[in-house]
Amino acid sequence: MRITVIGCGRWGSFHAWYSNHIGHDVMLYGRGTSARMRQLMESRSNEYLTLPETVNLTNSLKEAVDFGEVIIISISSQQLRTFVRELNGIDGIENKKILLCMKGLESGSGKRLSTVFHEEIDKVNAAVWVGPGHIQDFLQGIPNCMIISSENTDLTHEMVEIFKSPLIRFYYGSDLLGTEIGAAAKNVIGLAAGMLDGLNYSSLKGALMARGAAELSRLVEALGGDRMTVYGLSHLGDYQATLFSPYSHNRCFGEDFVLNKPFTKLAEGVETVSALMKLSKIANVELPICETVNEIIHNHKDPKEQLLQLFLRSTKSE
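The structure reproduced in this document is the subject of the present report. Nothing here was measured: the structure is a model prediction, and the numbers come from that model. Sequence order sets the numbering: in each chain, residues are counted from 1 along the sequence as written. Only residues with pLDDT of at least 70 are given local features in this predicted model, and only at 80 or more are side-chain atom pairs given and counted; all residues enter the totals for whole chains, interfaces and linings. The basis for every side-chain value is the complete set of non-hydrogen atoms in the structure, without hydrogens or water.

**Things to note about the overall build of the protein**
- On a plain count of helices and strands, the protein comes out with 14 helices and eight strands.
- Relative to the compact-globule value of 20 Å for 318 residues, the protein shows a C-alpha radius of gyration of 19 Å, a close match.
- Seen along its three principal axes, the alpha-carbon backbone of the protein occupies a region of about 60 × 40 × 35 Å.
- In this scheme, a residue with accessible area under 20% of its type's maximum is buried, one over 50% is exposed, and one in between is partly exposed, where area comes from a 1.4 Å probe on protein chains only. Taken across its 318 residues, the protein has 59% of its residues classed as buried.
- Total accessible area on the protein stands at roughly 13,800 Å², and carbon and sulfur atoms take up 47% of it.
- With 31 positive and 36 negative side-chain charges, the protein shows a spacing of 3 Å between the two charge centroids. Put simply, DSSP H or I for four residues or longer makes a helix, DSSP E for two residues or longer makes a strand, and each gets a number counted from the N terminus. We compute the radius of gyration from the C-alpha atoms alone; for a globule the expected value is 2.2 Å times N to the 0.38, where N is the number of residues. Note on areas: these come from Shrake-Rupley sampling with a 1.4 Å probe, and a residue is covered only by the protein chains present in the view. For this count, His and the chain ends are skipped, Lys and Arg are scored as positive, and Asp and Glu as negative. In this description, the location of a charge corresponds to atom NZ of lysine, CZ of arginine, CG of aspartate or CD of glutamate.

This is the structure we're talking about:
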């Protein structure tokens, strides 16, 4: 099939490489003002990979939309609404299948990314592709399992058939709400894990994993999803890659934050935690871990004091 990938960053370039690797015709789009896209145009390489000559590169969004039967969107979650409004002005978009390969929530509203997409383009079905894995591992041929979910069962199954391979085994997601919230929230848990690493409290990551999944399962259930979805690939199944891996941007951000070191790469959990605070109020569900991370990052509270208070607070039933 013809696959268009929107986004020339770490994951966008990987999705272009992967789609080409499994036999599809691929076009990668990035803005002409993007330094990352200019680098790919000049060398076909970035710090992660080299794109084959058979991957087409373009700065024209119309050309990219015209090319693809399936359009993968892999950009910063906070840029999605603005970008989809731009996408909505292009003729033919209503005939495309959309796959959101992103993990996050809109910080200003707390809305899921599929909701943001459908609020701007209501005539097009969109699926989401999330789950564990790091580009560095995939490029070494190390396989993993991921999940595709949508509100349209036929679309979910079609996307799995298009993108499955020996490198990535896909599962069918039946709870889009739980899948999206779980995928976004695991980045916030990753921030907390990095903070614990930076404070030499890594042994508390066991408690973090157990309690993190529990509090997010309550939120998903209160919002109308299946609480057990949190224990699948989109959230708990992604903990190893997010809470322990040296490749995890969110874990690295948390560690560098408490060590007062600069961190220049995208850590989606920073904006996602603000969105989760909004959802906490909407659903009337306490999110102690997320609230603690929010207090540390956005309200500038002392990390050590806040984290010890979180884990050593008065006894509660599990």
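**Here's the deal with a nonpolar patch on the surface**
- There is a patch of nonpolar side chains on the surface, built from M228, Y231 and L236 and spanning about 270 Å² of accessible area.
- The residue Y231 is located in the loop between α9 (205-222) and α10 (239-244) in this model. Patch members must show over 30% relative accessible area and no salt bridge, and they are joined within 9 Å when carrying like charges or within 5 Å when they are nonpolar side chains of Val, Leu, Ile, Met, Phe, Trp or Tyr. One speaks of a salt bridge when a side-chain nitrogen belonging to Lys or Arg is within 4 Å of a carboxyl oxygen belonging to Asp or Glu.

**Focus: the pattern of salt bridges**
- One pass over the full model with this rule turns up 20 salt bridges.
- E86 is the partner of R31 in a salt bridge, and the nearest nitrogen-oxygen pair spans 2.9 Å. In this pair, R31 sits in the loop between β2 (25-29) and α2 (35-43) while E86 sits in helix α4 (residues 80-87), placing the two residues 55 residues apart along the sequence.
- For R31, a relative accessible area of 36% corresponds to the partly exposed category.

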